[in-house]
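One-letter residues, chain by chain:
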Number of protein chains: 2
Amino acid sequence: MTGPAETFGERLASVTGERGRLCVGIDPHPGLLRDWGLEADARGLEKFARTCVEAFGSLAGVIKPQSAFFESYGSAGIAVLERVLTDARAAGAVTLLDVKRGDIGSTMSAYAQAYLADGAPLAADAITLSPYLGFGSLEPAIELARRTGRGVFVLARTSNPEGAGVQRAHTEGRSIAQAIVDHAAEINADGAGSVGVVIGATAAHGLDIGSLRGPILAPGFGAQGAGPEELSSVFGAAREHVLPASSRDILAKGPEVDRLRNAVRTVSALLSEHE
Amino acid sequence: MTGPAETFGERLASVTGERGRLCVGIDPHPGLLRDWGLEADARGLEKFARTCVEAFGSLAGVIKPQSAFFESYGSAGIAVLERVLTDARAAGAVTLLDVKRGDIGSTMSAYAQAYLADGAPLAADAITLSPYLGFGSLEPAIELARRTGRGVFVLARTSNPEGAGVQRAHTEGRSIAQAIVDHAAEINADGAGSVGVVIGATAAHGLDIGSLRGPILAPGFGAQGAGPEELSSVFGAAREHVLPASSRDILAKGPEVDRLRNAVRTVSALLSEHE
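Conventions and cut-offs
Residues numbered from 1 in each chain as written. Chains lettered and ligands numbered in written order. Predicted model: local features only at pLDDT ≥ 70, side-chain atom pairs only at ≥ 80, totals over all residues. Heavy atoms only, no water. Helix = DSSP H or I, 4+ residues; strand = E, 2+ residues; numbered from the N terminus. Buried < 20%, exposed > 50% of the residue type's maximum accessible area, 1.4 Å probe, protein only. Contact = heavy atoms within 4.5 Å. Areas by Shrake-Rupley, 256 points an atom, 1.4 Å probe, with all protein chains shown as cover. Lys, Arg positive; Asp, Glu negative; His and termini not counted. Charge placed at Lys NZ, Arg CZ, Asp CG, Glu CD. Least-squares fit on C-alpha atoms with pLDDT ≥ 70 in both. Pairing = 2+ DSSP bridges. Axes fitted to C-alpha atoms, helices over the stretch in contact; angles between N-to-C directions. Parallel < 35°, antiparallel > 145°, perpendicular 65-115°, else oblique. Disulfide = S-S within 2.5 Å. Salt bridge = Lys/Arg side-chain N within 4 Å of Asp/Glu carboxyl O. Polar contact = N/O pair within 3.5 Å; in protein donor to acceptor, adjacent residues only side chain to side chain.

## Looking at the overall build of chain A
On a plain count of helices and strands, chain A comes out with twelve helices and ten strands. For chain A, the spread of C-alpha atoms along the principal axes amounts to about 50 × 40 × 35 Å. Across the 275 residues in chain A, those meeting the buried criterion constitute 61%. Within chain A, contacts between residues at least 6 apart in sequence are counted, and of these 71% link residues at least 24 apart. Total accessible area on chain A stands at roughly 10000 Å², and carbon and sulfur atoms take up 47% of it. A gap of 3 Å separates the mean positions of the 25 positive and 32 negative side-chain charges of chain A.

Structure follows, in structure tokens:
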């Protein structure tokens, strides 16, 4: 199989090299729409989303829309999401759509087609995946991502207290979260960096991530409690592969575009100081 | 908290009492669209979906659209899904939307609002959920389902070989799949039957499901290999709570509505014989 012209790892390195590693979340939850003086409906969502793309599209390295907040408005919300993905990508950002999909067989292939195929209305540069049906079940998405120069981020270890029951359970002498990291590392041996993992930034994860050779999405930077120091203490030498994700702290500065952009600059500068 | 006028368990019992327990899947994958003489685009999807609702809406107890195959067409596909959910419900079927969502906090609440709130464009009678972030993280969806007389089906043990690595891993002296069943059973002690589980029909699951008091969605009936005998051998006395799901065997009889309806009648009769 011939690889894509540019691998996901190359594209990510190029964009973050220019713009920094901060991943800015677009999480239009109803309370935030109201704080911005917008109605919690599809029109309010559209205004919110366009403002975010205007503010972050040419500034942030990675932009992460949260699909749930668009799905709430049905097809009208999904139409807004299509536009966000297209416009953010056109403005030079890497788009990472947070959908946490996971299924098997032809259904998993359909999710792959929905989000990782060239020309799909909801095509993103990368998506998040959930591995409850087994890491192997995600193969159709991983395969398509590799073929199209896109990426996937598989949930490994999250910071929420309820996550431990599943993610720290043991299978074949290691935790499930570690097994996810190890499976991702095996695929990343090809050097394309297509398979990232999601590891929460706010608590010790206890994982061996030294051989991953792929990106680590670390939610919880900012409002949820992790600062630049946590990035070092939680991720150690792997810190250079981390994409710290922040959403609420930044979005709270809206709806003025300049204030949103300044918030991104401030958080990015804080991150660079600690690199 | 006052419960809804009718609980999900009551609604399900009433519909399946009249129509039988077969859950008919609407899985419009591209190959099937072509087999029906349709283009694999949003118009073909719409024609396919309308034919399914015409055929199954007034006949099947439970209708289960698979969201992935609608998401592939972006907002145009989601508009078709809205129509399927509305029309199937209006025709008297229980709609079970297979979305396998799972997230935390306000994001999980947004998924709950998207699929389980009265008046939401994509409101279904029930949805599937994926518990990689912990059973507890699903609470916003479970809570809203109970309040609105809807249901959720949480993935427990699936038949695909890759599923075992996660689902059979051990946590606090039991498998993860068993822990999911036990958590569901705790909530179902209220008698509302709001929390079902998903357990594959094609292989021994090794779970104690005797105290669940909720429905069991069992994919894999038909094309994937499980017959009426498997329902008894795999589920034992809990068989009366099982919703055997079948899709491909039935959909392969399309696009003629009469042949689709006859296929449902044939499979349903086969199931009743073994009850």
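## Describing the relation of the copies chain B and chain A
Laying chain B over chain A is done by rotating through 180° and shifting 0.0 Å along the axis; what remains is an RMSD of 0.0 Å. Such a combination of rotation and displacement between the chain copies is what one expects of a two-fold axis. Most of the interface of chain B is mirrored in chain A, where 100% of its interface residues are also at the interface.

## Looking at the side chain of B:Thr51
All names here are of chain B. Relative to the elements of secondary structure, Thr51 occurs in helix H3 (residues 42-56). For Thr51, a relative accessible area of 8% gives the class buried. The residues contacting Thr51, other than those within four sequence positions of it, are Trp36, Pro255, Val257 and Leu260.

## A closer look at the pairing of strand E3 (residues 94-101) of chain B
Residue and element names in this part refer to chain B. For E3, the buried fraction is high: eight of the eight residues fall into the buried class. Covered by surrounding structure in E3 are Val94, Leu96, Asp98 and Lys100 together with Thr95, Leu97, Val99 and Arg101, the residues of both alternating faces. Pairing analysis gives two bridges linking strand E2 (residues 62-65) to E3, with the strands arranged parallel. For Val62, the partnering residue across the bridge sits in E3 and is Val94. Sheet topology note: the E3/strand E4 (residues 126-129) ladder contains three bridges and is parallel. Each bridged residue has a counterpart across the sheet, and for Arg101 the counterpart in E4 is Leu129.

## Points about the packing of H3(B) against helix H5 (residues 74-90) of chain B
Residues and elements named next belong to chain B. Look at H3 against H5: their axes get within 10 Å of each other, and the N-to-C directions meet at 10°. Relative to H5, H3 is oriented roughly parallel. Counting all contacts with H3, which are made through Ala42, Leu45, Glu46, Ala49, Arg50 and Val53, the residues of H5 involved are Ala76, Gly77, Val80, Arg83, Val84, Asp87 and Ala88.

## A look at the environment of B:Ala123
All names here are of chain B. Here Ala123 shows up in the loop between helix H6 (105-116) and E4. Separated by ten residues in sequence, Ala123 and Gln113 place their C-alpha atoms 8.3 Å apart. Sequence-distant contacts of Ala123, defined by excluding residues within four places in its chain, comprise Leu85, Ala114, Tyr115, Ala117 and Arg150.

## Observations regarding unusual backbone geometry
Residues other than glycine predominantly adopt negative phi, and peptide bonds predominantly adopt the trans conformation. Residues A:Gly254 and A:Pro255 are joined by a peptide bond in cis, for which omega reads 10°. Following the sequence through the fold, A:Pro255 ends up in the loop between helix H11 (248-251) and helix H12 (257-273). Positive phi, close to 50°, is recorded for A:Glu172, a residue that is not glycine. Looking at the element boundaries, A:Glu172 is found in the loop between strand E6 (170-171) and strand E7 (174-175). The backbone phi angle of B:Arg213 is positive, close to 55°, even though this residue is not glycine.

## A few points about the environment of B:Phe70
Assignment of secondary structure puts B:Phe70 in helix H4 (residues 68-71). For the pair formed by B:Phe70 and B:Asp27, sequence separation is 43 residues and the distance between their alpha carbons is 8.9 Å.

## Some words on the sheet that holds strand E2 (residues 62-65) of chain A
Residue and element names in this part refer to chain A. Around the barrel, which closes on itself, the eight strands sit in the order E1-E2-E3-E4-E5-E8-E9-E10 with parallel pairing between neighbours. Each adjacent strand pair in this sheet contributes to an overall mean axis angle of 30°, direction not counted. Looking at chain direction, strand E9 (residues 216-218) and strand E10 (residues 242-246) are connected through three bridges and run parallel. Of the residues in E10, the one forming a bridge with Ile216 is Val242.

## Overview of the state of the cysteines
Residues and elements named next belong to chain A. Counted under the stated rule, the structure contains zero disulfides over all chains. Here Cys52 is not cross-linked by a disulfide; its sulfur's nearest cysteine counterpart is in Cys23, at 13 Å. Relative accessible area serves as the criterion here: at 0%, Cys52 is assigned to the buried category.

## Describing the pattern of salt bridges
Under the criterion given, the structure shown has 26 salt bridges over all chains. Between B:Glu46 and B:Arg50 there is a salt bridge whose closest N-O contact spans 3.0 Å. One end of the pair, B:Glu46, and the other, B:Arg50, are both in helix H3, four residues apart, so they sit about a helical turn from each other. For B:Glu46, a relative accessible area of 31% puts it in the partly exposed group. The exposure class assigned to B:Arg50 is partly exposed, which follows from its relative accessible area of 41%. Where salt bridges share partners, they join A:Lys64, A:Asp98, A:Lys100 and B:Asp103 into one cluster.

## Observations regarding the sheet that holds strand E9 (residues 216-218) of chain B
All names here are of chain B. Spatial ordering of the closed barrel is given by E1-E2-E3-E4-E5-E8-E9-E10, a layout of eight strands whose pairing is parallel. If you compare each strand with its neighbour and ignore which way they point, the axes differ by 30° on average. Summarising the sheet, E4 and strand E5 (residues 151-157) pair through four bridges and their orientation is parallel. The residue of E5 that forms the bridge with Ile127 is Val152. Lying over the sheet, helix H1 (residues 8-19) contacts E2, E3, E4, E5 and strand E10 (242-246), oriented at roughly 125° with respect to E3. Where helix H9 (residues 176-188) meets the sheet, it contacts E5 and strand E8 (195-199), and its direction lies at approximately 155° from that of E5.

## Describing the interface of chain B and chain A
Between chain B and chain A, the residue contacts involve 51 residues of the former and 52 residues of the latter. Summed over the shared surface of chain B and chain A, the number is four salt bridges. As a salt-bridge pair, B:Glu71 and A:Arg101 come within 2.9 Å of each other at their nearest N and O atoms. Where chain B packs against chain A, one counts 21 residue pairs in polar contact (both at pLDDT 80 or more). Those elements that provide at least two residues to the side of chain B that touches chain A are H4, H5, E3, H6, E5, helix H8 (164-167), strand E6 (170-171) and H9 of chain B. Counting residues per element, the side of chain B that touches chain A draws most heavily on H6(B), which supplies six residues.

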